[in-house]
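For reference, the chains in residue letters:
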Amino acid sequence: MKNFDVAIDGPSGAGKSSLARRCAAELGLLYVDTGAIYRTVGLAARRLGLDCKDEQAVAALLPELEIGMGYENGEQRMFLNGEDVSREIRMPEISMCASDVSAHAVVRDFLMEMQRKLARENMVIMDGRDIGTVVLPDAKLKIYLTASAEARAERRMKELLAKGVETGFDEVLQDILRRDEQDMNREVAPLRQAEDAVRVDTTELDFDQSFELLCSIIRQRMEEEA
Ligand code: DC
């Protein structure tokens, strides 16, 4: 089969990354986490002490950046000027900065070709905020994956705790609500459901149920396209 690609969009904490990664492994597709790419730009800006909301300052930084992506044992790794920053970009303080830099058109343009090239050269499940609406408008399947803010905060908190990052529920919920607000209301490529996307709400589903549902939707479309 040629050129089969799946675009998954949705708000933070909806389980896009963990579900998409597992479905990709199950179905033999390449998983691309585009949030990790925005996080790498956010990390670079923060390391230099820049105000991530300052478009001009962030724009000036872009030509200096060498953003690399690779796979190790099936895991996507991110490199910033040659350094593996895959762990560091997951720190909660980088999340808001990633959201800030992602609101700048200059950043989105800078990262567009990298994402499209990955989809041209591989059969991908790509997740993000604007994959079905902007990056891959012709994706064979578009999914809008969502869940209530409370369910997402609960899951995110457990994920962070498992990584040894101690935080409270309210703090995580506030962070999620702030990012939803910012990602959905920005001028450039805001998060929204593509008209032809299948909406999957996992509020009432556990991980395995969500995985089964998502995988079955993708498998069915792959069979139709084969
Ligand atoms: O998926 P994530 O939480 O790791 O993404 C971090 C931020 O990057 C998120 O708040 C919005 C932004 N982002 C985006 O604007 N477009 C994408 N395709 C992916 C992420």
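Structure's up top.
These remarks concern the structure in this document. (Residues numbered from 1 in each chain as written. Predicted model: local features only at pLDDT ≥ 70, side-chain atom pairs only at ≥ 80, totals over all residues. Heavy atoms only, no water.)

Taken together, 15 residues lie near the ligand, and Arg 39, Arg 108, Arg 129, Asp 183 and Arg 186 sit nearest. One of the side-chain N or O atoms of Arg 179 is found 2.9 Å from an oxygen atom in the ligand. Of all the secondary-structure elements, those providing two or more residues to the shell around the ligand are α2 (34-47), α4 (92-102) and α8 (169-185). When grouped by side-chain class, the residues that make up the shell around the ligand number three nonpolar, five polar and seven charged. (Near = heavy atom within 4 Å. Polar contact = N/O pair within 3.5 Å; in protein donor to acceptor, adjacent residues only side chain to side chain. Helix = DSSP H or I, 4+ residues; strand = E, 2+ residues; numbered from the N terminus. Nonpolar A, V, L, I, M, F, W, Y, C, P; charged D, E, K, R; others polar.)

Strand order in the open sheet formed by five strands is β2-β6-β1-β7-β8, with parallel pairing between adjacent strands. Sheet topology places β2 (30-33) and β8 (198-201) at the edges, where each strand pairs with a single neighbour. Here the average twist between neighbouring strands, direction ignored, is 20°. Alignment of β2 against strand β6 (residues 124-128), held across four bridges, turns out to be parallel. For Leu 30, the partnering residue across the bridge sits in β6 and is Val 124. This element, helix α1 (residues 16-27), spans β1 (6-9), β2, β6 and β7 (141-146) of the sheet and lies at about 180° to β6. Where helix α5 (residues 105-121) meets the sheet, its contacts fall on β2 and β6, and the angle it forms with β6 comes to roughly 155°. (Pairing = 2+ DSSP bridges. Axes fitted to C-alpha atoms, helices over the stretch in contact; angles between N-to-C directions. Contact = heavy atoms within 4.5 Å.)

Below, the discussion takes up the pairing of β7. The two faces of a sheet get side chains in turn, since along a regular strand they alternate between them. Along β7, six of the six residues are buried, which leaves the element largely enclosed by surrounding structure. Every second residue of β7 is oriented toward a common face, with Leu 141, Ile 143 and Leu 145 on one face and Lys 142, Tyr 144 and Thr 146 on the other, all of them buried. Relative to β7, β1 runs parallel, the two being bridged by four bridges. For Asp 9, the partnering residue across the bridge sits in β7 and is Tyr 144. (Buried < 20%, exposed > 50% of the residue type's maximum accessible area, 1.4 Å probe, protein only.)

A few words now on the nonpolar core. Among the nonpolar cores identified, the biggest contains 22 residues, and Val 41, Leu 65, Ile 67, Met 78, Val 107 and Leu 111 are the most heavily contacted of them. If you list the elements that add at least two residues to this core, you get α2, α3 (55-61), β4 (75-80), α4 and α5. (Core = buried A, V, L, I, M, F, W, Y, C linked by side-chain atoms within 4.5 Å.)

Moving on, we get to the state of the cysteines. Following the criterion strictly, the structure yields one disulfide and no others. Across the disulfide from Cys 52 sits Cys 97; the S-S distance is 1.8 Å. Looking along the S-S bond of the Cys 52-Cys 97 disulfide, the torsion reads about -60°, which is the left-handed sense. You can see Cys 52 sitting in the loop between α2 and α3 and its partner Cys 97 sitting in helix α4, a full 45 residues away along the chain. Overall, the relative accessible area of 6% leaves Cys 52 in the buried class. With no disulfide of its own, Cys 23 lies 3.1 Å from the sulfur of Cys 215, the closest cysteine sulfur. Judged by relative accessible area, Cys 215 falls into the buried class, the value being 2%. (Disulfide = S-S within 2.5 Å.)

Next up on the list: the sheet that holds strand β3 (residues 67-72). Taken in spatial order, the three strands of this open sheet run β3-β4-β5, and their pairing is antiparallel. The strands lining the two open edges of the sheet, one partner per strand, are β3 and β5 (83-84). When β3 meets β4, the two strands line up antiparallel, connected through six bridges. Bridged to Gly 70 within β4 is Arg 77.

The next subject is α5. Quick reminder: α-helices carry 3.6 residues per turn. Residues three or four places apart thus point the same way. For α5, with 17 residues, the first-to-last C-alpha span of 25 Å sits near the 24 Å given by 1.5 Å per residue. Where α5 bends most, the angle comes to about 30°, and this point is Leu 111. Where α5 is concerned, the buried positions are Val 107, Arg 108, Leu 111, Met 112, Gln 115, Leu 118 and Ala 119. (Expected span 1.5 Å × (residues − 1). Bend = angle between axes of the 7 residues up to and from the residue.)

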